[in-house]
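# Fold and contact review
One letter stands for each residue in the lines below.
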Amino acid sequence: SGRELWTRIFGGRGWDWGSFVRQTPDGGYIITGWTDSYGSGGGDLWLIKTDATGAKEWDRTYGGIDNDQGSCVQATTDGGYIITGATTSYSIGQDDLWVIKTDATGSVQWTRTFGGGGSDEGQYVQQTGEGGYIVVGSTTSFSSGGSDVWFIRLKANGDVAWTRTLGGPEWDWGSAITQ
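First, a word on what this report is: a plain description of the structure on this page. For clarity, every value in this text was computed on a predicted model and none was experimentally measured.

Strand order across the open sheet formed by four strands is E5-E6-E7-E8, with antiparallel pairing between neighbours. Each edge of the open sheet carries a strand with a single partner, namely strand E5 (68–75) and strand E8 (108–114). Averaged over all neighbouring strand pairs, the angle between strand axes comes to 20 degrees, with direction disregarded. By the bridge criterion, six bridges tie strand E7 (residues 96–102) to E8 in an arrangement that is antiparallel. Following the sheet pairing, Leu97 is matched in E8 by Phe114.

A separate point is the environment of Leu45. Structurally, the position occupied by Leu45 is in strand E3 (residues 44–50). For Leu45 and Thr32, which are 13 residues apart along the polypeptide, the C-alpha to C-alpha distance reads 7.1 Å. For Leu45, the residues in contact, after removing those within four places along its chain, are Thr32, Gly33, Arg60, Thr61, Tyr62, Asp68, Gln69, Gly70, Ile83, Trp98 and Ile100.

Now for the environment of Thr163. By secondary structure assignment, the location of Thr163 is in strand E12 (residues 160–166). Residue Thr163 is classed as partly exposed on the basis of its relative accessible area, which comes to 37%. With 37 residues separating them along the chain, Thr163 and Gln126 place their C-alpha atoms 15 Å apart. In this view, Thr163 contacts Trp150, Phe151 and Ile152; residues no more than four positions away in its chain are not counted.

Quick look at the environment of Gly14 now. Tracing the sequence through the fold places Gly14 in the segment before strand E1 (16–23). Not counting residues within four places of it along the chain, the set of residues in contact with Gly14 comprises Asp36 and Ser37.

We now examine the nonpolar core. Judged by nonpolar contacts, the single largest core of 29 residues is most densely connected at Val99 and Leu154. It is strand E11 (residues 148–154) that provides the largest number of residues to this core, a total of five residues. Aside from chain neighbours lying at most four places away, what touches Leu154 is Val99, Trp110, Phe114, Gly132, Tyr133, Val135, Asp159, Val160 and Ala161.

Spatial ordering of the open sheet is given by E1-E2-E3-E4, a layout of four strands whose pairing is antiparallel. Bordering the open sheet on either side are E1 and strand E4 (56–62), each of which pairs with just one other strand. For this sheet the average axis-to-axis angle between neighbouring strands, irrespective of direction, equals 20 degrees. When E3 meets E4, the two strands line up antiparallel, connected through six bridges. Considered in E4, the bridge of Trp46 is made with Thr61.

In terms of burial, strand E6 (residues 81–87) is a largely internal element, seven of the seven residues being buried. Side chains of E6 alternate between two faces, with Tyr81, Ile83, Gly85 and Thr87 and Ile82, Thr84 and Ala86 buried alike. Across seven bridges, E5 lies against E6 in antiparallel orientation. For Ala75, the partnering residue across the bridge sits in E6 and is Tyr81. Where E5 hands over to E6, the hairpin turn is made up of five residues, of which Gly79 adopts a positive phi near 90 degrees. As paired elements, E6 and E7 share seven bridges and run antiparallel to each other. Its bridge partner lying in E7, Thr84 is registered against Val99.

Conventions used here
Residues numbered from 1 in each chain as written. Predicted model: local features only at pLDDT ≥ 70, side-chain atom pairs only at ≥ 80, totals over all residues. Heavy atoms only, no water. Pairing = 2+ DSSP bridges. Helix = DSSP H or I, 4+ residues; strand = E, 2+ residues; numbered from the N terminus. Axes fitted to C-alpha atoms, helices over the stretch in contact; angles between N-to-C directions. Contact = heavy atoms within 4.5 Å. Buried < 20%, exposed > 50% of the residue type's maximum accessible area, 1.4 Å probe, protein only. Core = buried A, V, L, I, M, F, W, Y, C linked by side-chain atoms within 4.5 Å.

Structure (structure tokens):
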């Protein structure tokens, strides 16, 4: 009926926002976004796990001294999480597409950054039927114009299986993908 069942607020004294929320297999929720209230830099990728009523079970921040953010998070078949977004802290350009694989408690299993001298970011990530991952986002580093849609197919261990860009002379970007 659209009635509010509960509301939760997470954050501190700085700027904090959520970019993506997904229900987890245990009935709780996993949220990613950005925080400058917590973490180690100007702004960090923020991951929050809640129970079914929205009560925080745990949270983690990932990043360095510059701005880092999460755009999408999904539960993985091994009980962990796969996250994509962008990092300036660990980039070689303006910002790079960032992928983080965690275990069930948010501890990092591996991270990968992808990019060049321009601005690159991940918008959506999904585990594939083969156990790897597919990421979609945008790149100005490897574009044929302003920005191109960027697909990166990763193996289960985070190694690159292939990458593709699609676009023309104007601005193109991807926001979701499904197998």
